[in-house]
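# Examination of the molecular architecture
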Amino acid sequence: MDDENGRLFETEKGKGRKIHRVFATTVLVSIIWIWIYRATQQPPLAAVSGGRRWRWSWMGMFMAEVWFGVYWMLTQSVRWNPTYRRTFKQRLSLRYENQLPWVDIFVCTADPKIEPPMMVVSTVLSVMAYDYPPEKLAVYLSDDGGSELTFYALTQAAIFSKQWLPYCRNYKVEPRSPVAYFRSASHPSNTKHSHDYVIVKKLFEEMKNRIENVTKNGRVPDELHVEHEGFTEWDSFTSSRDHGAIVQILLDDNDDAEGHSLPKLVYLAREKRPDHFHNLKAGAMNALIRVSSKISNGPIILNVDCDMYSNSSDTVRDALCFFMDEEKGHDIAFVQYPQCFENVTKNEVYGGSMRVLREVDFHGLDGSGGPLYVGTGCFHRRDILLGKSFDNESRIKWKMENDHKETPKITIEEIKNLASCTFEIDTEWGKEMGLKYGCPVEDVITGLSIHCRGWKSVFYNPKREAFLGVAATTLDQTLVQHKRWSEGDLLILISKYSPAWYGLGKVNPGLIMGYLIYCLWSPSSVPTLYYSIVPSLCLLKGVPLFPSVTSGWFLPFAYIIVSITAFDCLEFLRSGGTTRGWWNDRRIWLYKRTSSYLFALLDTILGSDLSFVISSKVMDSEVQERFEKEMMEFGGSSPLSTTVATLSMLNLVCFLGFVMKWVLMDTVTRGVCYETMAIHVVLCGALVALNVPLYLALFVRKDKGKIPDSVTVKSVILALFISTVFYFL
Ligand SMILES: O=c1ccn([C@@H]2O[C@H](COP(=O)(O)OP(=O)(O)O[C@H]3O[C@H](CO)[C@@H](O)[C@H](O)[C@H]3O)[C@@H](O)[C@H]2O)c(=O)[nH]1
Ligand SMILES: [Mn+2]
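As the structure is a prediction and not an experimental result, all values here were calculated from the model.

Before going further, it helps to spend a moment on the overall build of the protein chain. Helix and strand content of the protein chain: 25 helices and twelve strands. Expected size for 729 residues packed as a compact globule is a radius of gyration near 27 Å; at 28 Å, the protein chain falls within 12% of this value. Out of the 729 residues in the protein chain, the part that is buried amounts to 46%. Long-range pairs, those at least 24 residues apart, make up 86% of the contacts in the protein chain with a sequence separation of at least 6.

Right, here's the structure in full:
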C-alpha cells in the first residue's frame, strides 16, 4: 500500500452526500412553503380585537422565518461537500528526512493568575518533545503578563527538558505534556523503563513543587534570582502594563542528558507602555514573528494557546505532509487542527466540545477552500503570514535546502527593538503584514485575508487529538467567550475584509457562505429572541400565529420541526456526542443566541472598545466538583445570565398561564385551542423543558453555584411585568 512514490496526503469526499442533498431539498421546499404561508395567509385586521398588533406579530414571525431560512441555506454550504484528509508520514520521512524545514513554535500566555505557569510550561515541554529533529525546532513563549513567575517556570522547564525529552524519545510516550502524562500514566512494567520512570517522575514532582510554591507566593524570592541572569530584566520592571521588552534565550545550542540536541527555547515579553495599545494576542503574535525571524527563522510556524498542549508527537510531521506534497502542497497556506478539550464531561453542560463544528462544519469548509484559522493548533507558512500573495507564476517551490535562511547574528538589544511598542509605527504590521489588528478574533480575520489572497488551507482531524486544551467551566465564561467570538465575527462582516464583498470573486462562494455562518451569529440573536418570546406570549393570550393542525399549511411546520430536530440530534450523535449532551447543547445554543450574541450586537452598534476577556483556565475545587457532576455553574450575577434567567422565567409564566387557562376551559374551547395553538404549545413547552436546570438553579438548588437571589428576584419581576403588559395590552 505504501508505495514510495505516492502522494504525501490524500483527500476523500464524505459518504452520504447524495442522501443529504435530497433531504436538504425537502427542507428547502418546506421553508419556501412556510414563506408562502406567511405572505398569503395574513390574518384579516378585523379578526380579533387588536388585529393590528396581531399583524405586527405576524410580520415579525415572517421576518424571523426568512432569516432562519436563509441562515439554514448558509449552513448547507458546510454540509454539501465534506472532505477528509489522510497523511503518509512514512513517505515524508523516506523522501525528505534530511531536508525537513525548521519549525518555530509560538506559545502565548497573558496572565499567570488564570493561566498557571505550571500549565504553561507543561504545554511548552509538550511541543519541545515533538518527534522531529530537535535542532530544527525553536519554541517561543510570549508572555503578555510579563511575569517573572512564568519566566521562573520556564527556566525550570528548560532544565527538566534535558531529562524529559530523552525519556519521551526512548519510550515513545504520549502525551508529552508531563502534567498530562503523569496524571494518567500507569507504572511501566519493563524494568529499564520503570527505573527511568521513577527518576523522571521525581524530577517532575520537584519541578512542579518549586514552580507552584513560587506561584502561590506570587513572587520569585531573591535567593532564586541568582539562578538565572534573566531575572535582572525585572529590576526595571514597573507593572505588567508598563515595562521594557524582555528577551531571554534559555536554550540555544544545548544538549539533553543523552547528548542529543535540544530545541531552542526563548522567553519573550514584548514592551508594554500605558500610552501604546498592545493589540492583544495579534500584537503578541506579530512580535513573535519578528523576534523569531532573527533567532531561528523557521519557514513553518505553529502557534498554540498556552493551555493547548500537544497530545500527539506526530503532529508536526503530519502537517508537513500537506506543505511538502510535490503536487498539491504549493497553494496551502495553513493547516488547522481542531480545537479539542481535555476537560469536557460526558454530557458537556456548556456545549464545550463544539463537536459539530469540529466533525461537520470544518470538514465542510475544507471542501470549499479551507477551514478558518482559529488561533491555536495551526501551522502557517511564515512567508504567507507575512503577507505574500498567491499567483501561479511564483508558485512556491519547496526546495528545503534553501529554505532556511540563516540570519546574521544580531544582538539581544536589536532583537528587543523588534518587540518594542514603537517598532510598528508607520509600518504595515497589523494591516498588510502579520496578524490583523482591531478585531477580537484576530485569527479568523487573518485567515480570511489569507484566503482572499488566493491561498487554501487544510483541516486535519486525526483520530488521536493533536492538541488538548481547557474549555470554559462556568456558564458565564462560556457566554463571555462567545460574546467575544460573535462580536469579532460581526466586526469582520462590517470590516474592509468582509466576506460579503471583499471576498466576492476572490474566494469560493461556498467558503464565503461558510464564513457568513459565523459572521451572522450575533445578528441571529434578534430573530431567535423574537421566536422564543412572541409565540409564548401569544400562547398566553390565545392568539394563534401558526396554522391550525387541520390545515394543509401545518405540514411544512411539522416537517421542519421534526426533521430538523432529528437531523440535528443525529449529527450530534454521529460527531461522538450523547443524547443528553445534545439536549444540553441545544440549551447552550439558546443561551448563547439570546445573551452573548445579543450583547455582542449591541456592543457593536454602540461601538464599544476592543476588549479581550481572557478565559480562566483554573477553577476552585467546589466549582470543579459541580462541573464534574454536570451541574451548571452560575455563581455571580452578570447581565448575560440575568437575560438568560429572565427569558426562561418568561416562558415559564406563559406556559403555566396557558395551563391554568386550559384547565378552566370547557371541552369545545379545548378542542379549538388544541387545533389552533398546537405549535405554540410545542414551542413554549420545549423552551420550558430545555430550561429545567435553570429553574432548579433559580428555586431549588442551595449550593454556591446556584443563581444568586438578586438575579432570581429581578428575572421573576421582569418576566411577570412583560407578560402582564402584553396580556392586557
Ligand atoms: O492580550 C492577550 C490576550 C490573550 N492572549 C493569549 O491568547 C490565547 C487565547 O486566549 P483565551 O483567553 O484562551 O481565549 P479563547 O477564547 O479560548 O481563544 C480562542 O479565540 C481567540 C480569539 O478570540 C484566539 O486568539 C485563540 O487562539 C482561540 O483559542 C491565550 O493563550 C492567551 O494567553 C495573549 O497572548 N495576549
Ligand atoms: Mn482558550
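Another aspect to go through is helix α11 (residues 355–367). Its 13 residues give α11 an end-to-end C-alpha distance of 18 Å, which sits within 8% of 18 Å, the value for a rise of 1.5 Å per residue. Largest kink in α11: about 30 degrees, centred on D361. Where burial is concerned, most of α11 is hidden: eleven out of the 13 residues are buried. Those residues of α11 that sit buried are R355, V356, L357, R358, D361, F362, H363, G364, L365, D366 and G367. Packing partners of the buried residues in α11 comprise β2 (83–87), β11 (456–459), α17 (509–519) and α19 (554–574). Looking one or two residues past α11, G369 carries a phi angle of roughly 125 degrees, positive in sign.

Once that is clear, we can look at the domain arrangement of the protein chain. By a widely used convention, the size of an interface equals the accessible area lost when the partners come together. If you check the domain split of the protein chain, you get domain 1 (13–79 + 526–588 + 601–728) and domain 2 (102–474). Domain 1 and domain 2 are separated by 41 Å when their C-alpha centres are compared. Domain 1 puts 31 residues into the contact, and the matching count from domain 2 is 31 residues. For the side of domain 1 that touches domain 2, the class distribution of residues is eleven nonpolar, twelve polar and eight charged.

In this section: the nonpolar core. Within the largest apolar cluster, 187 residues are counted, with the highest numbers of intra-cluster contacts made by I105, V107, V124, V139, Y140, L154 and L268. At twelve residues, helix α5 (residues 148–171) tops the list of elements feeding residues into this core. Shared between two domains, this core takes at least three residues from each, and those domains are domain 1 (13–79 + 526–588 + 601–728) and domain 2 (102–474). Every residue in contact with Y140, bar those within four places of it in the chain, is listed here: D104, I105, F106, V107, V266, L268, L288 and S292.

What follows is about the site of ligand 1. Contacts to ligand 1 come from 24 residues, most closely from C108, A110, D305, G375 and S615. Listed by contribution, the elements that provide at least two residues to the shell around ligand 1 are β3 (103–109), α9 (280–295) and α16 (475–493). It is α16 that provides the largest number of residues to the shell around ligand 1, a total of four residues. Split into classes, the residues belonging to the shell around ligand 1 amount to eleven nonpolar, seven polar and six charged. Mapped onto the domain boundaries, the shell around ligand 1 takes at least three residues apiece from domain 1 (13–79 + 526–588 + 601–728) and domain 2 (102–474).

This paragraph deals with the environment of D196. Residue placement: D196 occurs in helix α7 (residues 191–217). Spatially, the C-alpha atom of D196 lies 10.0 Å from that of N170, the residues being 26 residues apart in sequence.

Counting buried positions over the six residues of strand β6 (residues 264–269) gives six, a clear majority of the element. Alternating residues of β6 divide into K264, V266 and L268 and L265, Y267 and A269, and every residue in both groups is buried. Two strands pair when backbone bridges link them, and strand β4 (residues 137–143) and β6 are joined in this way by five bridges, in the parallel orientation. Counterpart to A138 in the pairing with β6 is K264. Bridging between strand β5 (residues 246–251) and β6 involves five bridges; their strand directions are antiparallel. Residue V247 lies in a different strand from β6, and its bridge partner there is L268.

Averaged over all residues, the pLDDT of the protein chain equals 94, while 96% of them reach at least 70. Note on the complex model: pTM 0.96, ipTM 0.99.

Assignment of secondary structure puts Y502 in the loop between α16 and α17. Discounting residues that sit within four places of it in the chain, Y502 has contacts with C452, K496 and Y497.

So, on to helix α10 (residues 315–323). Summarising burial for α10: nine of the nine residues are buried, a large majority. Within α10 the residues assigned to the buried category are T315, V316, R317, D318, A319, L320, C321, F322 and F323.

A sheet is described by the order of its strands in space; here eight strands give the open sequence β5-β6-β4-β3-β7-β10-β9-β11, paired in mixed fashion. Two strands bound the open sheet, and with one partner strand each, they are β5 and β11. Neighbour to neighbour, the strand axes of the sheet diverge by 20 degrees on average, direction disregarded. Of the pairings in the sheet, the one linking β3 to strand β7 (residues 300–305) comprises six bridges and is parallel in character. Paired with V103 across the bridge in β7 is I300. Here α5 sits on the sheet in contact with β3, β4, β5 and β6, set at roughly 15 degrees to β5.

Further remarks concern unusual backbone geometry. With an omega dihedral of -10 degrees, the bond running from E174 to P175 counts as a cis peptide bond. Along the polypeptide, P175 turns up in the loop between α5 and α6 (178–184). Phi is positive for N279, which is not a glycine, with a value near 60 degrees. The residue L280 is not glycine, and still its phi comes out positive at about 55 degrees. Inspection of the secondary structure assignment puts L280 in helix α9.

Basis of the calculations
- Residues numbered from 1 in each chain as written.
- Chains lettered and ligands numbered in written order.
- Predicted model: local features only at pLDDT ≥ 70, side-chain atom pairs only at ≥ 80, totals over all residues.
- Helix = DSSP H or I, 4+ residues; strand = E, 2+ residues; numbered from the N terminus.
- Rg over C-alpha atoms; globule rule 2.2 N^0.38 Å.
- Buried ≥ 20, exposed ≤ 12 C-beta atoms within 10 Å, placed from the backbone.
- Contact = placed C-beta atoms within 7 Å.
- Expected span 1.5 Å × (residues − 1).
- Bend = angle between axes of the 7 residues up to and from the residue.
- Domains from an automatic or database assignment.
- Nonpolar A, V, L, I, M, F, W, Y, C, P; charged D, E, K, R; others polar.
- Core = buried A, V, L, I, M, F, W, Y, C linked by C-beta atoms within 7 Å.
- Near = placed C-beta within 6 Å.
- Pairing = 2+ DSSP bridges.
- pLDDT = per-residue confidence, 0-100.
- Axes fitted to C-alpha atoms, helices over the stretch in contact; angles between N-to-C directions.

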